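Residues per chain, in single letters:
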Amino acid sequence: MSFAGLKTCKSMIITDCDAKSDTEVIARLCDLAQEQNYVNEIFKEKILEREKEYPTGLATVVPIAIPHIHDGCLSSFFSIATFDTPVEFSAMDGSDEKVMTQIVFLFGITDPSYQTAVLRKFSMIFQNEEMLNSYISIKDRDLLLDKLKQDLEDYIIL
Amino acid sequence: MKSCVNIVVACGGGIFTTTVVTEKIQEILKKEKIGFNISPHKITEVPNITGADLIVVTGKTSETNKAGAPVMLGLPLFTGVGAEEFTAQLLAKIREIMSKS
């Protein structure tokens, strides 16, 4: 294979998530990833630690957060949680502004040098207001997975 | 006049934003026909990096580089918000660095 994609599945998608804090969202997505054997038990601890020290809230066209790490990741994956009530993340740029986000993309990356293309693809999506808004509005997990397949093409491994 | 600029890109984990921002900077400098070396680091390493002409970080840091390399926040290249302005600032900085002997 000339490039590696990221694994995901319906179980890695939470719509209408009722988590109240950044920590709660991250912990829930990590638990799902562990159930799928994408990560081992240190992943959650490490990614939460990292979020505290280097937060991942981004004031993009539609504000998002992108917790990601490689420690404890067994196969590269992404997961997504969307909320009706925005959840507060600290900003990656270190400004005191909080990022109120309705979407969290959580990634585990085993080796970024093999995954440049897919990371780049995601960075394009993060700049696309229409795509991000559609992810927030699709409440059915099967439909959201279909939409992600359509947008990510071969970069998604089901 | 330097023929080549040494750039370090650093983020919190050295994974996601570093990978994308490094590619963007490579693209910009190739287009401008500016010679460069570029290497990824973690933000925690910023104070002690040696031999860099410029450090571009994608996360929060109040650190400065002990060897005196300027530090710029390159997040606009990742988010696209303010990317054009950042690109202009980046090129101005690099040209300033390269015009020194």
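Residues numbered from 1 in each chain as written. Chains lettered and ligands numbered in written order. Predicted model: local features only at pLDDT ≥ 70, side-chain atom pairs only at ≥ 80, totals over all residues. Heavy atoms only, no water.

Q: Any chance you could break down the layout of surface pockets for me, citing the residues and the numbers?
A: Size it by volume and the largest pocket reaches roughly 240 Å³. Lining the largest pocket we find 13 residues, and of these A:Arg50, A:Ile69, A:Asp71, B:Gly12 and B:Lys42 sit closest to its centre. In terms of residues, the lining of the largest pocket owes the most to one element, helix H2 (residues 42-53) of chain A, which gives four residues. A class-by-class count of the residues in the lining of the largest pocket yields three nonpolar, four polar and six charged. (1 Å grid on protein atoms, 1.4 Å probe; cavity = no way out; pocket = protein on both sides within 12 Å on 5 of 7 lines; lining within 4 Å. Points joined across faces, edges and corners; volume = space filled by probe spheres on them. Helix = DSSP H or I, 4+ residues; strand = E, 2+ residues; numbered from the N terminus. Nonpolar A, V, L, I, M, F, W, Y, C, P; charged D, E, K, R; others polar.)

Q: Tell me about unusual backbone geometry, residues and numbers included.
A: Although it is not a glycine, A:Asn37 sits at a positive phi angle of roughly 60°. Here A:Asn37 is to be found in the loop between helix H1 (22-35) and H2. Taking relative accessible area as the criterion, A:Asn37 reaches 57% and is therefore assigned exposed. For B:Lys33, which is not glycine, the phi torsion reads 55° and is therefore positive. Here B:Lys33 lies in the loop between helix H1 (16-31) and strand S2 (35-42). (Buried < 20%, exposed > 50% of the residue type's maximum accessible area, 1.4 Å probe, protein only.)

Q: Pulling in residues and values, what's your account of the side chain of B:Thr18?
A: Considering the arrangement of structural elements, one finds B:Thr18 in helix H1. For B:Thr18, a relative accessible area of 2% translates into the label buried.

Q: Explain the packing of helix H4 (residues 129-137) of chain A against helix H5 (residues 141-152) of chain A to me, and be specific about the residues and the numbers.
A: When two helices pack together, their arrangement is given by the angle between the helix axes and the distance between those axes. All names here are of chain A. Where H4 contacts H5, the axes come no closer than 10 Å and their chain directions differ by 160°. Of the possible angle classes, the one that applies to H4 and H5 is roughly antiparallel. Our pair here, H4 against H5, has a crossing hand that is left-handed. Contact with H4, carried on its side by Met 131, Ser 134 and Tyr 135, involves Leu 144, Lys 147, Leu 148 and Asp 151 of H5 and no other residues of that element. Each residue belonging to the contact of H4 with H5 can be placed in one class, and the counts come to four nonpolar, one polar and two charged. (Axes fitted to C-alpha atoms, helices over the stretch in contact; angles between N-to-C directions. Parallel < 35°, antiparallel > 145°, perpendicular 65-115°, else oblique. Left-handed = near helix turned anticlockwise from the far one by under 90°. Contact = heavy atoms within 4.5 Å.)

Q: Explain the sheet that holds S2(B) to me, and be specific about the residues and the numbers.
A: Residues and elements named next belong to chain B. Taken together, the four strands give an open sheet; going across it, the order is S2-S1-S3-S4, and neighbouring strands pair in parallel fashion. Strands at the two margins of the open sheet, each flanked by one partner only, are S2 and strand S4 (71-73). Each strand of the sheet is rotated relative to its neighbour by a mean of 25°, with strand direction disregarded. Sheet analysis places strand S3 (residues 54-57) next to S4, joined by three bridges and oriented parallel. (Pairing = 2+ DSSP bridges.)

Q: Mind laying out the packing of aromatic side chains, listing which residues take part and the relevant values?
A: Residue and element names in this part refer to chain A. Applying the stated criterion to the full structure yields 14 aromatic pairs over all chains. Considering the side-chain rings of Phe 78 and Phe 122, the 4.9 Å spacing of their centres and the 65° angle between planes classify their relative orientation as edge-to-face. Note that Phe 78 is positioned in strand S6 (residues 77-90) and Phe 122 in helix H3 (residues 116-125), a separation of 44 residues in sequence. When sorted by exposure, Phe 78 lands in the same class as Phe 122, which is buried. Relative to Phe 126, the ring of Phe 122 lies with its centre 6.0 Å away and its plane at 45°, an arrangement referred to as tilted. (Phe/Tyr/Trp six-rings, centres within 6.5 Å; stacked < 30°, edge-to-face > 60°.)

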